[in-house]
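# Working through the structure, step by step
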Number of protein chains: 2
Amino acid sequence: MTSASFPSKLLEVAVNEFAKLPGIGRKTALRLVLHLLKQEKEEVFKFSDSIRMMREEIMYCKSCHNISDSETCHICADTNRNHELICVVESIRDVMAIENTQQFNGIYHVLGGVISPMDGIGPDDLTIGPLEEKIKSDQVNEVVFALSTTMEGDTTNFYLFKKFEKYGVKMTTIARGVSIGDELEYTDEVTLGRSLVNRLPFENTL
Amino acid sequence: MTSASFPSKLLEVAVNEFAKLPGIGRKTALRLVLHLLKQEKEEVFKFSDSIRMMREEIMYCKSCHNISDSETCHICADTNRNHELICVVESIRDVMAIENTQQFNGIYHVLGGVISPMDGIGPDDLTIGPLEEKIKSDQVNEVVFALSTTMEGDTTNFYLFKKFEKYGVKMTTIARGVSIGDELEYTDEVTLGRSLVNRLPFENTL
């Protein structure tokens, strides 16, 4: 579809902007823009303003780097949570995923990514410094690494482990094994092997 | 995903707005919003403003009802085009599709939909009145119906044909038949039957 075919410059600009979003091609962008064009003005302004406001006003928690509406996020501000237990995650989405399990009562530390030389992301691009400060301050009892089980995640785990070893803090990683509901015969051999090596006393799983 | 899991109200509002778009679920909405959150502010404001401006400033051509940046769209304003030949289409997207073929030199009339009792769309919801005015004004030589080949499209074709019959204007519909590049054995029987009944002298297809 050539740009010459757009009947309006305004339409074309909006389609181009939509098409910049990941996973949205030009055809989908046009469909979305024409949909918005059919909506009430107030509805479209609400859409447009919600995005502008979000980008302009969202803050990052100064403690855990999670997104927040205030200087300290509601998780870090919660005195009922265990502030001596820090879960290290890659992104905001991981915080949401773990919160949804309702199985974690500590606080988080959002790294902002994992070490990935292929993508040009080194340790200095992540919030490792502030995490080290927290650990140094001696108010941390345990650090749980909850990173992706990819090469990059494992590299980051290892880097952090080596870096923080000297502080004598307890470091753990989330368990890796056969997913609940999975059938053994379809589980990949690496995962199955790991879950055998790291087998648990049966009573621990009750 | 419950709303309680969002770490920020601003984020939640933006995700809800995105999720209203057709074909965008809440997971995709979150992915798009987090993508925007990572972009430069200026980029996000450009996105947001392009949508607001589009909705606020886009006009509809007073002649053909196509979208336009001015009172009369660039197609209707083009004196090189044949203003006695009107192609009736359902939507703006159809105008773009036909323009891309570069095979049509007349002007358009955008109905804004097709008659569809199931969706509560009757003749009065479409721009049939203005089309009748144009035909009445005696400056129209031929009207080409280029509507979808669905039940609703056919109903609309028939309705328009009956309505405009009395004005003695030439009315045609776009040809229906086997798509170019299709193999006969995979063509559905209705289409194949139609294309046999409406067979053309071979020299017309050269």
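How each quantity is defined
- Residues numbered from 1 in each chain as written.
- Chains lettered and ligands numbered in written order.
- Predicted model: local features only at pLDDT ≥ 70, side-chain atom pairs only at ≥ 80, totals over all residues.
- Heavy atoms only, no water.
- Least-squares fit on C-alpha atoms with pLDDT ≥ 70 in both.
- Contact = heavy atoms within 4.5 Å.
- Salt bridge = Lys/Arg side-chain N within 4 Å of Asp/Glu carboxyl O.
- Helix = DSSP H or I, 4+ residues; strand = E, 2+ residues; numbered from the N terminus.
- Buried < 20%, exposed > 50% of the residue type's maximum accessible area, 1.4 Å probe, protein only.
- Pairing = 2+ DSSP bridges.
- Axes fitted to C-alpha atoms, helices over the stretch in contact; angles between N-to-C directions.
- UniProt positions renumbered as here; feature names shortened; annotations may be inferred.
- Buried area = accessible area lost by both parts, 1.4 Å probe.
- Polar contact = N/O pair within 3.5 Å; in protein donor to acceptor, adjacent residues only side chain to side chain.
- Nonpolar A, V, L, I, M, F, W, Y, C, P; charged D, E, K, R; others polar.
- Parallel < 35°, antiparallel > 145°, perpendicular 65-115°, else oblique.
- Left-handed = near helix turned anticlockwise from the far one by under 90°.

## A look at the relation of the copies chain B and chain A
In the superposition of chain B on chain A (RMSD 0.1 Å, axial shift 0.0 Å), the rotation amounts to 180°. Within this description, the copies of the chain are treated as partners about a two-fold rotation axis. No C-alpha of chain B lies nearer the rotation axis than that of Ser48(B), which sits 2.4 Å from it. A share of 100% of interface residues in chain B that are also interface residues in chain A marks the association as one of identical surfaces.

## A short note on the pattern of salt bridges
One pass over the full model with this rule turns up 20 salt bridges over all chains. The residue Lys20(A) makes a salt bridge to Glu43(B) at a minimum N-O spacing of 3.6 Å. Remark: Glu43(B) occurs in helix α3 (residues 41-57) and Lys20(A) occurs in the loop between α1 (9-19) and α2 (26-38); the pair is interchain, linking two chains. Glu43(B) sits in the partly exposed class, given a relative accessible area of 33%. Lys46(A) is the partner of Glu43(A) in a salt bridge, and the nearest nitrogen-oxygen pair spans 3.8 Å. With Glu43(A) and Lys46(A) both in helix α3 (residues 41-57), this residue pair falls 3 residues apart, about one helical turn. Lys46(A) gets classed as partly exposed once you look at its relative accessible area, which sits at 43%. Look at the salt bridges and you will find they share partners, linking Glu17(A), Lys20(A), Glu43(B) and Lys46(B) into a network.

## Re the sheet that holds strand β4 (residues 106-110) of chain B
Strand pairs in the sheet, formed through backbone hydrogen bonds, run parallel or antiparallel to each other. Residues and elements named next belong to chain B. Taken in spatial order, the 4 strands line up as β4-β3-β5-β6 in an open sheet, and their pairing is parallel. Both outer strands of the open sheet, β4 and β6 (170-173), are each paired with one neighbouring strand and no more. On average, each strand axis in the sheet is inclined to that of its neighbour by 25°, with strand direction left out of account. In the packing of helix α4 (residues 92-101) onto the sheet, contacts are made with β3 (82-89) and β4, and the angle to β4 comes to roughly 160°.

## What about unusual backbone geometry?
The residue Asp138(A) is not glycine, and still its phi comes out positive at about 70°. Mapping Asp138(A) onto the fold places it in the loop between α5 (128-136) and β5 (142-145). The class for Asp138(A) is exposed, based on a relative accessible area of 66%. At His65(B), a position not held by glycine, the phi torsion is positive, near 70°.

## What to know about the UniProt feature "domain: Toprim" (unreviewed entry) in chain A
Per the UniProt record, the feature "domain: Toprim" (unreviewed entry) sits at residues 84-179 of chain A. Along residues 84-179 of chain A, the helical share is 34% and the strand share 20%, with 29 Å between the first and last C-alpha atoms.

## Let's talk about the interface of chain B and chain A
Residue-level contacts link 54 residues of chain B with 54 residues of chain A. Taken together, the two surfaces of chain B and chain A that pack against each other cover about 5400 Å², and 68% of this comes from carbon and sulfur. A per-residue breakdown of the area chain B buries against chain A is headed by Leu10(B), Leu37(B) and Arg55(B), which together make up 13% of the total. At the surface where chain B touches chain A, the tally comes to 4 salt bridges. Across the salt bridge formed by Arg52(A) and Asp49(B), the nearest N and O atoms sit 3.2 Å from each other. Remark: the boundary between chain B and chain A carries 11 residue pairs in polar contact (both at pLDDT 80 or more). Of all the elements in the fold, those that place two or more residues in the side of chain B that touches chain A are α1 (9-19), α2 (26-38), α3, β2 (67-68) and α4 of chain B. Among the elements that take part in the side of chain B that touches chain A, α3(B) stands out by supplying 16 residues, more than any other. Taken together, the residues of the side of chain B that touches chain A sort by class into 28 nonpolar, 11 polar and 15 charged.

## Examining the environment of Thr172(B)
By the secondary structure assignment, Thr172(B) is in strand β6. Once residues within four sequence positions are removed from consideration, Thr172(B) is found in contact with Glu142(B), Val143(B), Val144(B) and Phe145(B).

## Looking at the UniProt feature "zinc finger region: C4-type" (unreviewed entry) in chain A
Following the UniProt record, one finds the feature "zinc finger region: C4-type" (unreviewed entry) at residues 61-76 of chain A. Regarding residues 61-76 of chain A, the helix share stands at 0% and the strand share at 12%, and the terminal C-alpha atoms are separated by 8 Å.

## Let's talk about the packing of α1(B) against α2(B)
All names here are of chain B. Put simply, α1 and α2 touch, their axes get as near as 8 Å, and they point 125° apart. Relative to α2, α1 is oriented oblique. Between α1 and α2 lies a crossing whose hand is right-handed. Between α1 and α2, the residues in contact are Leu11, Ala14, Val15, Asn16, Phe18 and Ala19 and Arg26, Ala29, Leu30, Leu32, Val33, Leu34, Leu36 and Leu37, respectively. Taken together, the residues that form the contact of α1 with α2 break down as 12 nonpolar, 1 polar and 1 charged.

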